Amino acid sequence: MAEMTIEQQQALALAQARRKRAEAGASPRQSTGMDMLKSAGSGLVQGAVDLIGLPGTISNAFDNSFSAITGVPKPPPNLLSGEEMRKGLSYLTDGATEYKPETTAGEYSQTAASFIPGAVALGGSGSVAGNAVKLGVVPGVASEGAGQLAEKYAPSLEPYARFAGALAGGMIPAGLRSIIPSADEAALAEIAKAAKSDNFSPDAMRARLQELGAEGMVADLGPNFQGQTGALANIPGPNNQTIRTALNERNAGANARLGQAIDDLGPNVTPSRIEEGIGASQRTVAREYGPVMANARAVNSEVLANRLEAAIANTRGPEQQAIQRVRGYLDIPGTNVLDPNPQAIFATRQAIDGILKGEQNPQVIRQLTMARQEVDDLLAQAAPGIKDVDAQYAELARQGEALGEGQRALDSGRTAPRPDELADRLTEGAIPQGTAVGPSAVPFRISQGARAEIDRIVGTNKNDIAAMDRLIRGEGDWNRAKLESIFGPSKAEQLLRVLGNEKSFADTRNFAIGNSLTANRLQYQKAYGGADSRMTIPEYYGAGGVLGAARGAAVKLGEKLLSGVTGARSEARNSRLAEMLTGREEVVDALIQAQLRGNRLAGPAKSALVQALLDQRRRLEGQSGTTQPSRQ
């Protein structure tokens, strides 16, 4: 016959002691109160000693079982087991710690008290007093009651009845919670279910929420979280208002949050007003040509005229026609005499500039460019200060062109600049031209143009975050690279992060309270619409570990026995789940705590127990070659 456990041995010893006391005859009894006091005191000591000696008791039980199965002789009993320590303590206290109750009340007191040390030490996260009562006194009283009943009607079953009574008593408070878990527990189980389906660990949930920023919610973490959110937002109950209020209030601030990220790129501008300002500045600069030209010297354009005449003889078509036009500009009108007036040369340069603006033929452009350079050289000799005025005017013209380039920077068409082309343009654009001193404002104007275009995109897609994201972020990584070149990596990353987060927020809201009914949302809506969730035992384990799995099994039975209260329970769970879905890291903390509570035998305690069993097994295997006297 298999060895009895220490609890069974204790119960049997109590039963035998009572029978011996009855056989010896009644002795003078003390008061019931005093008997209960002494019994409770001895029970507390016995329970504490048994708890301290648990490793030794396990060792002895392992020795007995191992010997019975393999035939290896049992070693001497472990002196640190609960049984041996109780014997020694009884000897030291002259039997006080092994006091035998004289009344039925005393018997109940002793048994209940013996359960208290273990309940307090291993009771988990509850209060000391609460664990002492629900995990100590209640199972102890149940055990004693079952034992006395068995002693009266089936004495041979008394040890087993006491064990069953203790088990049933310990399951009373926990069992009720298992059949009807609290709203928090049920809601956390749903959060754990969605996290598993979306492949999110608690740490990954926390990291993603931090990426989403202060406005992020658990509802944003994945499709199954969105499905839960959509379901609760579309069935009756306080959960409906909780979800909708949170999502609508967050949505109301979307443009402000996005606007702040855009403002970090630089002040908002209107391109047409910038262009008007540049044009006004150019007109101001143009007036400076008057004083410069008033002091200019006469021009000798004979060398230029001879070169142009030679080029006319050697070219044909549009190229020849363009050169002939320029050669004609050099003469006094109506004559074949070269005009020495510097104003004539100045007018010739302006005429060439006008032709170049609309010209497409590359050969014509080449000839006109050469001629303009020679005219410009003649003009610089005649009016030395003109190049400074030219540099100012040209800088303003470059700025006007750069403003337009910035507005086209995020385009996706064939004419849009490539990231490397834009980066080169920004670098080269900063180099001053002509006699100008200091960096050019071309990069600044490009950034103004790009900033204005982003503002235009937002303004024309105010209620469509997805469109904003598509137009600003673009396809692939090109626009990201362009934004980094224009505004710097930090500001570009912040803009794209905020834009991506707002898109996630908008997706969650559209999924939850939009008109489209997805299979995911309908699945959760059916589950939360009044019937309890149909989670599997592994899903309960994921939410609460070993204790969660046990709770899950009880829930299945509870669904059948308590069908009348499932509606109210579902409503309470839905209300709490709605709060969790609109929450943040505190939900992750609660999920982790629930899992830890469900795995109490973990960490150092579990490691110590496993190590003790392994050490004992190795010790017995080492003794298998010797003969040891059996313990009698």
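Residues numbered from 1 in each chain as written. Predicted model: local features only at pLDDT ≥ 70, side-chain atom pairs only at ≥ 80, totals over all residues. Heavy atoms only, no water.

## Side note on the overall build of the protein
- For the protein, the helix and strand inventory stands at 29 helices and zero strands.
- Burial analysis of the protein (632 residues in total) assigns 42% to the buried set.
- Expressed as a percentage of contacts within the protein between residues at least 6 apart in sequence, the contacts between residues at least 24 apart total 75%.
- Counting only carbon and sulfur atoms, one obtains 57% of the accessible surface of the protein, whose full area is about 32600 Å². (Helix = DSSP H or I, 4+ residues; strand = E, 2+ residues; numbered from the N terminus. Buried < 20%, exposed > 50% of the residue type's maximum accessible area, 1.4 Å probe, protein only. Contact = heavy atoms within 4.5 Å. Areas by Shrake-Rupley, 256 points an atom, 1.4 Å probe, with all protein chains shown as cover.)

## A closer look at the confidence of the model for the protein
- Per-residue confidence for the protein gives a mean pLDDT of 79; residues scoring 70 or more make up 74%.
- Taken together, the stretch residues 600-611 has pLDDT below 50 and engages in eight contacts with residues farther than four places along the chain or on a different chain.
- Low pLDDT, under 50, characterises residues 623-632; the stretch is placed with eleven contacts to residues that sit more than four places away or in other chains. (pLDDT = per-residue confidence, 0-100.)

## Quick word on the pattern of salt bridges
- Overall, the coordinates contain 27 salt bridges when judged by the stated rule.
- Residue arginine 327 pairs with glutamate 309 through a salt bridge whose shortest N-O separation is 3.0 Å. One end of the pair, arginine 327, is in helix 16 (residues 317-329); the other, glutamate 309, is in helix 15 (residues 302-314), and 18 residues separate them in sequence.
- By relative accessible area, which is 13% here, arginine 327 ends up buried.
- Glutamate 309 gets classed as partly exposed once you look at its relative accessible area, which sits at 39%.
- Residues joined by salt bridges that share partners form a network here, namely Arg349, Asp376, Lys387 and Asp390. (Salt bridge = Lys/Arg side-chain N within 4 Å of Asp/Glu carboxyl O.)

## Examining the environment of isoleucine 457
- On the secondary structure map, isoleucine 457 appears in helix 21 (residues 442-460).
- Spatially, the C-alpha atom of isoleucine 457 lies 7.7 Å from that of isoleucine 472, the residues being 15 residues apart in sequence.

## Thoughts on helix 22 (residues 465-473)
- Of the positions making up helix 22, those classed as buried are Ile465, Ala467, Met468, Asp469 and Ile472.
- Summarising the contacts, the buried residues of helix 22 are in contact with helix 12 (254-263), helix 21, helix 23 (478-487) and helix 24 (489-513).
- Looking at the residues trailing helix 22, positive phi occurs at glycine 474, about 70°.

## Digging into the packing of aromatic side chains
- Counted by the stated rule, this structure contains one aromatic pair.
- Seen in terms of ring centroids, tyrosine 289 and phenylalanine 346 are 5.1 Å apart; in terms of plane orientation they differ by 50°. Their pairing is tilted. Taken together, the residues span a long stretch of sequence, with tyrosine 289 in helix 14 (residues 289-294) and phenylalanine 346 in helix 17 (residues 342-358) at a distance of 57 residues. Phenylalanine 346 carries the same exposure label as tyrosine 289, and that label is buried. (Phe/Tyr/Trp six-rings, centres within 6.5 Å; stacked < 30°, edge-to-face > 60°.)

## Here's the deal with the environment of aspartate 469
- Within the secondary structure, aspartate 469 is located in helix 22.
- The class of aspartate 469 is buried, set by a relative accessible area of 10%.
- C-alpha separation for the pair aspartate 469 and glutamate 502, spaced 33 residues apart in sequence, amounts to 9.0 Å.
- Residues contacting aspartate 469, with those up to four places away along its chain left out, are Gly474, Leu499, Gly500 and Lys503.

## Some details on the side chain of arginine 327
- Side-chain polar atoms of arginine 327 contact the side chain of aspartate 331, separated by 2.9 Å.
- Those residues within four positions of arginine 327 in sequence are excluded, and the remaining contacts are Ala305, Leu308, Glu309, Ile312 and Leu338. (Polar contact = N/O pair within 3.5 Å; in protein donor to acceptor, adjacent residues only side chain to side chain.)

## Looking at the nonpolar core
- Met293, Leu308, Ile345, Leu368 and Ile386 are the most contacted members of the largest nonpolar core, which has 35 residues in total.
- Sorting the residues of this core by element identifies helix 13 (271-286), helix 14, helix 15, helix 16, helix 17, helix 18 (362-382) and helix 19 (386-408) as the ones contributing at least two each.
- When residues in this core are grouped by element, the largest group, seven residues, is from helix 18.
- Once you skip the residues sitting within four places of it in the chain, isoleucine 345 turns out to touch Val299, Ser301, Leu330, Val375, Leu378 and Leu379.
- The next biggest cluster of nonpolar side chains, apart from the first, holds 32 residues, and it includes Ala192, Ala194, Ala512 and Ile513. (Core = buried A, V, L, I, M, F, W, Y, C linked by side-chain atoms within 4.5 Å.)

## Quick notes on the packing of helix 13 against helix 19
- Two numbers describe how helix 13 lies on helix 19: the axes approach to 9 Å, and their chain directions differ by 170°. When the axis of helix 13 is compared with that of helix 19, the two are roughly antiparallel. In this structure, helix 13 uses Pro271, Ile274, Glu275, Ile278, Ser281, Gln282, Val285 and Ala286 to contact helix 19, whose residues at the interface are Val389, Gln392, Tyr393, Leu396, Ala397, Gln399, Gly400, Leu403 and Gln407.
- Of the residues that constitute the contact of helix 13 with helix 19, the class distribution is ten nonpolar, six polar and one charged. (Axes fitted to C-alpha atoms, helices over the stretch in contact; angles between N-to-C directions. Parallel < 35°, antiparallel > 145°, perpendicular 65-115°, else oblique. Nonpolar A, V, L, I, M, F, W, Y, C, P; charged D, E, K, R; others polar.)

## Thoughts on the side chain of arginine 451
- Counting through the fold element by element, arginine 451 comes out in helix 21.
- Judged by its relative accessible area of 2%, arginine 451 is buried.
- Other than its neighbours up to four places away in sequence, arginine 451 contacts Ile262, Asp263, Leu265, Gly266, Pro267, Asn268 and Phe487.

## Quick word on the environment of proline 417
- Tracing the sequence through the fold places proline 417 in the loop between helix 19 and helix 20 (419-429).
- What makes proline 417 buried here is its relative accessible area of 19%.
- Ignoring any residue separated from it by four or fewer positions in sequence, one finds proline 417 in contact with Arg408, Ala409, Leu422 and Lys482.

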